[in-house]
Amino acid sequence: MDLLIGIFITPFAEMIGLPDLFFQALWDGFVSGTLYGLIALGFVLIFKASGVFNFAQPILVVLAALALISFYKMGVPAWISVVLVLIMFYALAWLIERLILRKLVNTDGNILFMSTVALSFIIIGAAQWIFGGRPSSMIHKELGIPTGSFEWPMFGGGVYFDLLDISAAVVAVILIVCLGLFFSRTKIGRGLRAVADDHQAALSVGISLNQIWVIVWFVAGVVALVTGIFWGARSDVSFALQIIGFKALPVLIIGGFTSVPGAIVGGLMIGIGEKIFEIYWGPLLGSGVEGWFAYFIALGFLLFKPQGLFGDKIIERV
Amino acid sequence: MKKTIISAFVAISTLITTVGMSFGDLLVPVMTYRVGPFAANGTQNANGFVDYLTMLNERDGGIGGVKIKVEECETGYKAEKGVECYESYRGKNPLVHTPNSTGITLQILAKAPEDKTPILTMGYGLSAAAKGETFPWAFNYPTSYFSQMTSILKYIDSQTGLKDQKIGFIFLESGYGREPIPVLEQLAPKFGFEYFLLPVAGKDAQNQSSHWLTVRKEKPDWMIMWGWGVMNPTAVKAAIKSRYPLDRFVGNWWSAGDVDLGPIGEAGKGYKGATFNATGTDFPAVQDVIKHVVSKGLTKTGSEGPGTVLYNRAMWNAALIAEAIKTAQDITGKKEITGEDMRIGLENFVLDEARLKELGFAGMVAPIVGSCKDHEGAGAAFIQQWDGSKWVKITDAIDPMKDIAQEMLTKAAAQYASNNAGWTTQTCN
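Residues numbered from 1 in each chain as written. Chains lettered and ligands numbered in written order. Predicted model: local features only at pLDDT ≥ 70, side-chain atom pairs only at ≥ 80, totals over all residues.

### A few points about the overall build of chain B
Applied cut-off: A run of H or I in DSSP becomes a helix once it reaches four residues, and a run of E becomes a strand once it reaches two; helices and strands are each numbered from the N terminus. As a reference, a globule follows 2.2 Å times the number of residues to the power 0.38, and the radius of gyration itself is taken over C-alpha atoms. Counting other C-beta atoms within 10 Å of a residue's own tells you its class, since 20 or more makes it buried, 12 or fewer makes it exposed, and anything in between is partly exposed; those C-beta atoms are placed from the backbone. By definition, residues are in contact whenever their C-beta atoms, placed on the basis of the backbone, come within 7 Å of each other.
A tally of helices and strands in chain B yields 16 helices and 13 strands. The globule rule puts the C-alpha radius of gyration for 429 residues at 22 Å, and the 22 Å found for chain B is close to it. The principal-axis extents of the C-alpha atoms in chain B amount to approximately 80 × 45 × 45 Å. Put simply, chain B has 429 residues, and 55% of those count as buried. Put simply, of all contacts in chain B between residues at least 6 apart along the chain, 70% involve residues at least 24 apart.

### Here's the deal with the interface of chain B and chain A
Rule in force here: Any residue that is not Ala, Val, Leu, Ile, Met, Phe, Trp, Tyr, Cys, Pro, Asp, Glu, Lys or Arg is counted as polar, Gly included; the first ten are nonpolar and the last four charged.
Each partner contributes residues to the interface: chain B has 32 residues there, and chain A has 32 residues. Looking at the side of chain B that touches chain A, the elements that each hand over two or more residues are α2 (39–60), β6 (194–200), α9 (209–218) and α10 (231–241) of chain B. Counting residues per element, the side of chain B that touches chain A draws most heavily on α9(B), at six residues. By residue class, the composition of the side of chain B that touches chain A is 14 nonpolar, nine polar and nine charged.

### A few points about the domain arrangement of chain B
Residue and element names in this part refer to chain B. Stated formally: How far each domain reaches was decided by an automatic or database domain assignment.
Along its sequence, chain B is carved into domain 1 (2–143 + 284–379) and domain 2 (145–275 + 383–407). Measuring from the centre of the C-alpha atoms in domain 1 to the corresponding centre in domain 2 gives 29 Å. In this assembly, 18 residues from domain 1 lie in contact with 23 residues from domain 2. Among the secondary structure elements, those contributing two or more residues to the side of domain 1 that touches domain 2 are α2, α4 (102–108) and α13 (309–332). Of the residues in the side of domain 1 that touches domain 2, the class split is eight nonpolar, nine polar and one charged.

### Examining unusual backbone geometry
Residues and elements named next belong to chain B. Residue Tyr141 is joined to Pro142 through a cis peptide bond whose omega torsion reads 0°. Tracing the backbone through its elements, the reader meets Pro142 in the loop between β4 (138–139) and α6 (145–160). One non-glycine residue with positive phi stands out, namely Lys219, at about 50°. Inspection of the secondary structure puts Lys219 in the loop between α9 and β7 (222–226).

### Quick notes on helix α14 (residues 290–304) of chain A
For clarity, the threshold we go by: In a helix, the anticipated span is given by 1.5 Å times the number of residues less one. Think of it as the arc spanned by the lines of direction from the helix axis to the C-beta atoms.
Here α14(A) is 15 residues long and its end C-alpha atoms lie 22 Å apart, about the 21 Å a rise of 1.5 Å per residue gives. For α14(A), the complete set of buried residues consists of Glu290(A), Phe293(A), Ala294(A), Ile297(A) and Phe301(A). Buried residues in α14(A), looked at end-on, bunch into an arc of 90°, giving them a common side. On its buried side, α14(A) packs onto α12 (248–255) and α13 (260–280) of chain A together with α9 of chain B.

### Structural notes on the environment of Asp2(A)
Residues and elements named next belong to chain A. Within the fold, Asp2 resides in helix α1 (residues 2–8). Overall, the presence of 8 C-beta atoms within 10 Å leaves Asp2 in the exposed class. C-alpha separation for the pair Asp2 and Glu14, spaced 12 residues apart in sequence, amounts to 16 Å.

### Notes on the packing of α13(A) against α9(B)
As a reminder of what qualifies: Between the N-to-C directions of two axes lies an angle of 0 to 180 degrees, each axis being a line fitted to C-alpha atoms and, for a helix, fitted only over the stretch in contact. Any angle from 65 to 115 degrees is called roughly perpendicular, while one under 35 is roughly parallel, one over 145 is roughly antiparallel, and all others are oblique. Here is the rule for handedness: rotate from the far helix to the near one, and if that takes an anticlockwise turn smaller than a right angle the crossing is left-handed, while a clockwise turn gives right-handed.
α9(B) packs onto α13(A) with a crossing angle of 40° between their chain directions and a minimal axis gap of 9 Å. As the angle between them shows, α13(A) and α9(B) are arranged oblique. Crossing of α13(A) against α9(B): the hand is right-handed. From α13(A), Glu274(A), Lys275(A), Glu278(A) and Ile279(A) reach across to α9(B), where they touch Ser209(B), Ser210(B), Leu213(B), Thr214(B) and Lys217(B). Looking at the contact of α13(A) with α9(B), its residues break down into two nonpolar, three polar and four charged.

### What about the packing of helix α4 (residues 57–73) of chain A against helix α5 (residues 78–99) of chain A?
Packed helices, taken two at a time, are described by the angle their axes make and the gap between the axes. All names here are of chain A. The contact between α4 and α5 brings their axes to 9 Å, and the two run at 135°. On the basis of their axis angle, the class for α4 and α5 is oblique. Of the two possible hands of crossing, α4 and α5 adopt the one that is right-handed. Between α4, through Ala64, Ala67, Leu68, Phe71 and Tyr72, and α5, the contact on the second element is made entirely by Ala78, Ser81, Val82, Leu84, Val85 and Met88. Of the residues contributing to the contact of α4 with α5, the split by class is 10 nonpolar, one polar and no charged.

### Some remarks on the confidence of the model for chain A
Here is the rule: For every residue, the predictor reports its confidence as pLDDT, a number between 0 and 100.
For chain A, the average pLDDT comes to 87, and 97% of its residues sit at 70 or higher. For chain A, helix α8 (residues 187–197) of chain A is the element with the lowest average pLDDT, namely 76, and α5(A) is the one with the highest, namely 95.

### Side note on the nonpolar core
Side chains of a nonpolar character, in soluble globular proteins, are inclined to be buried together. Formally: The term nonpolar core refers to a set of buried Ala, Val, Leu, Ile, Met, Phe, Trp, Tyr and Cys residues connected through C-beta atoms within 7 Å.
Core analysis: the biggest nonpolar cluster contains 225 residues, and Ala65(A), Leu68(A) and Val216(A) have the highest contact counts within it. For this core, the element with the most residues is helix α10 (residues 209–234) of chain A, which contributes 18 residues. Split by domain, this core shows at least three residues from each of two domains, domain 1 (2–143 + 284–379) and domain 2 (145–275 + 383–407) of chain B.

### Brief notes about the sheet that holds strand β13 (residues 391–393) of chain B
All names here are of chain B. As a reminder, the rule being used: Pairs of strands are assigned from DSSP output, requiring at least two bridges between the strands.
Spatial strand order, β6-β5-β7-β8-β9-β12-β13: seven strands in an open sheet with mixed pairing. The two strands at the open ends of the sheet, each matched to only one other strand, are β6 and β13. For this sheet, the mean inter-axis angle between neighbouring strands, taken without regard to orientation, is 25°. With three bridges joining them, strand β12 (residues 382–386) and β13 adopt antiparallel strand pairing. Its bridge partner lying in β13, Trp386 is registered against Trp391.

### Here's the deal with the environment of Asn429(B)
Residue and element names in this part refer to chain B. Within the element layout of this structure, Asn429 appears in the segment after α16 (402–419). Judged by local crowding, Asn429 falls into the exposed class, with 4 C-beta atoms found within 10 Å. Each C-alpha atom, one on Asn429 and one on Cys372, is 8.1 Å from the other, the two residues being 57 residues apart in sequence.

Put into structure tokens, the structure is as follows:
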């Protein structure tokens, strides 16, 4: 009986009793969700272009954030540092295409996946050699991103809004919308889908595979930079940031590996869902629910809707 | 002819390698993690430890005229890597193992009696290892997690009293984080306080908003943290964001380093932490490391390392090992000692005020004496507070609740021994 009350009555009574906390959880979940969506977007872009899960995406987030801070510490103004990081990512995308992807055209997806695993460890080693292991503070204030917070009083309590969180949510939504439009309305976007479906067929109709790959890896780098700035500002910038990158995996399963809107919807579902579940139902399960909640939902999707909410349904003719 | 030259080369190389490994050096391996999510803290730990022993080589020519060979083995703070590191030293006569992780300690603890190499887990590891009669090969000088938790609770008691207080315990979901929970379980009914647990999985260390929403819901009077790595600054930032009063938030000694609060700066003002070593570069031992190691470029740290919480603590860890080596040399009359000799050294060293002054540690740490029965030592901790730019000591040493801690340690040790059939114990006079 106590269990039933704990599941069906207590959580809702707490939501009604402390509505400000409930709204705070919704807001925090929304912010986390958009940031998860942003991380997932980096994976989606590479997956759309090559049909492979880019294991190196989380370390790109760390690399972008550390490079940005390092340029700034060298005396380069903050926004010029951003430009330098973008140039660096373009060069990296070109190198990856030249040294790895070009050699692996039309090979098995597992080989491409393993190449991203190798790439990830090469970047980790190189970044630790260059930047060291000491954590740094993100330069978000120097970039003009507002900090501080305000309280919105409600129901005798209040909801706290961090300006950094608001900025993160706004930038994430703008970036996602822009990328969604770019890849759905432009020639490059259509080329991207063709490349993902079949490398050889895409080449035969004149699509430049090399150019597409460089563009996509560069855009994934841009997404990594934005992700690194906002996640780095919320905690600090260290190699531990890469762990958060893998939070995108359940988001991708829910939203679909090939869908830009899916990344944001999946992110929001996970972000809001895990907060609400942890606070109101977590105590029944000994807390720490947030650690596995996302994967539990993802498993449900794998069982009943494996292509995710917005993913392409794969039909193979016999 | 060619074959003969190659064979001779191989033979000489093998001989040199074998001689280098087995004789002429005091091999002190140390498990470090300069990579991975805990690298920021692990790097400070590694640097302080290695630099102090390097300083002894540079300044004194080693210990008792024998050079120390410090060998790092990277674990990434992963238990399985730690076991690999441990295995890699079999047959090389390591004097002592320093796992730098409670998870790794738990994995290798049972191997120590078999390999006759002691394990020193300074202020971490299995709390029950404090009972020397049950754990002849494990040491956790100068204090255990059980004792530390009782010291923190004593501090809270001195501030607001413990009765009717609600305490939130946020911890890294691991062997390390769970270690002091039995103390809360036992003391809550005894002192009339209430507590709730907030485990943080390693992968959520940078994403604690749910945990701090729960804190807001539960409205605890005090928060205690057993965190590590990036979990620490994230928790403090989340506490600030949720308007939790930082002067009611106390971290353990692995949750209160410069590396944790430095990036937060002024906003972290008020946060408290336990510790058993002072910070700063004024101590002669730190000055010697700067002079003989850092300024000569024989280190992996920058000038910002020496003097910080974790760097000084790791130096103290290395100094305790060095003192045990010297004690073992004195007792056995041998210069090149073994792990078995080292165990004797760890039970017989005397680091009193006079000896600490001689070593340049006076004022940085409390005196401690090795013992057969008590592998924990004094057990005291003091509380420090972040003033916006540095840690400031705000209490004198707070002794643990010895009667309670000792009773729990004895029980836990007996439990461990009964769970491990044939466990090697010893009798102390």
